[in-house]
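# Architecture and fold: a report
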Amino acid sequence: TTSASDGLVCFWPINFDENNSISDDPITFYERVRSADKLLSSSFSAGGTILAVGSSDGDIFTYSVKGELGLPVKDQTLEGHNAMVITLSFAKRSLRLVSGSKDGTVRIWSRSNGTWDQVVCNARTRVVMDRDPKEQIDVLFCQWSNNETRVFASCSDTSIRMWNMSGEQLQVFLGHDDEAYFVQQHPLVPDALVTCGHDGHIITWSVDTGAALNTFLNVIEGEGRASVLEAVFTPNGDNLLTVDANGHISVFGHEMLRGYGTTPREQFFSTDYLSLIRDRFGNVLDEQV
């Protein structure tokens, strides 16, 4: 499936032939009410039976892929947000959906008997005191806790927040000085939360106390700090892989695994791709001399 700024949601059938080709005739749904409306986020339910798509007008559209003949059908429109829906994430064990919006709220949606109930989590309260008090707080990223009893969200005021299923704010994590777009609990250690931000910081937090347990600053030689854009844990939780704005993939872990012992060590320096300096005879000069 794809959704885009043209207002179209497309379901692309896959032809399970020897080439596993994708059909060039998708099933489409047009969700643009106004010319400026865009589709910004999407998420599939754990069983793959429901797709949710967030719109710039604040609506969330749901589609069922269990319609007649197995074709997708429009299900419902979830109303509640009054600004663009930036992030969506389905729970892995139930038909619950969390959404985050530029209206400064996180909403937890629960499906029961064909209808969706919502709980509002308020992120508009000011917790970072050195920011402009008139600044609008947007919700940038949402994530479920491992046991799906709590919801984490990163906000535009650089805070990370945690709520329970009743919408009560339980914890605020303060330490980033720019926006963070990765928030996830350690897969095996539920008290450990890892966040990565555009400030180049990778921070491990205690979920229970909100204290920062460890901080790493991603610095590129000769260029300074580099934004960390994405991260993922290995399934066993031994390693965290991150990618930064300079295209570097870094591997973090609590110990060096044997498998990495035979891997050739590669180095990158900021001058690697600069043009060579030559004298009038064509000889290469050392620019450091």
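Above this text is the structure in question.
Presented here is a report on the structure given in the accompanying data block. Being a predicted model, the structure only gives us computed values, none of them experimental.

Conventions and cut-offs
Residues numbered from 1 in each chain as written. Predicted model: local features only at pLDDT ≥ 70, side-chain atom pairs only at ≥ 80, totals over all residues. Heavy atoms only, no water. Pairing = 2+ DSSP bridges. Helix = DSSP H or I, 4+ residues; strand = E, 2+ residues; numbered from the N terminus. Polar contact = N/O pair within 3.5 Å; in protein donor to acceptor, adjacent residues only side chain to side chain. Contact = heavy atoms within 4.5 Å. Axes fitted to C-alpha atoms, helices over the stretch in contact; angles between N-to-C directions.

## Some words on the pairing of strand 25 (residues 239–244)
- Bridge count for strand 24 (residues 228–233) against strand 25 is five bridges, and the pairing is antiparallel. In the strand pairing of strand 25, Glu230 is matched with Val243.
- One ladder, built from five bridges, connects strand 25 with strand 26 (residues 249–253); its direction is antiparallel. Its bridge partner being in strand 26, Thr242 is matched across the sheet by Ser250.
- Hairpin connection from strand 25 to strand 26: four residues lie between these consecutive antiparallel strands, with Gly247 at a positive phi of about 85 degrees.

## Considering the side chain of His186
- With respect to the helices and strands, the residue His186 is situated in the loop between strand 18 (180–185) and strand 19 (192–197).
- At 3.1 Å, the side chain of His186 and the backbone nitrogen of Val189 are in polar contact.
- Apart from residues lying up to four places away in sequence, His186 is in contact with Asn146, Ala192, Phe233 and Gly237.

## Topic: the sheet that holds strand 21 (residues 212–217)
- The four strands are arranged 18-19-20-21 in an open sheet whose pairing can be described as antiparallel. Two strands lie at the open edges of the sheet, namely strand 18 and strand 21, each paired on one side alone. Neighbour-to-neighbour, the strand axes of this sheet turn through a mean angle of 15 degrees, independent of strand direction.
- Bridging between strand 19 and strand 20 (residues 201–206) involves five bridges; their strand directions are antiparallel. Note that in strand 20 the partner of Val194 across the bridge is Thr204.

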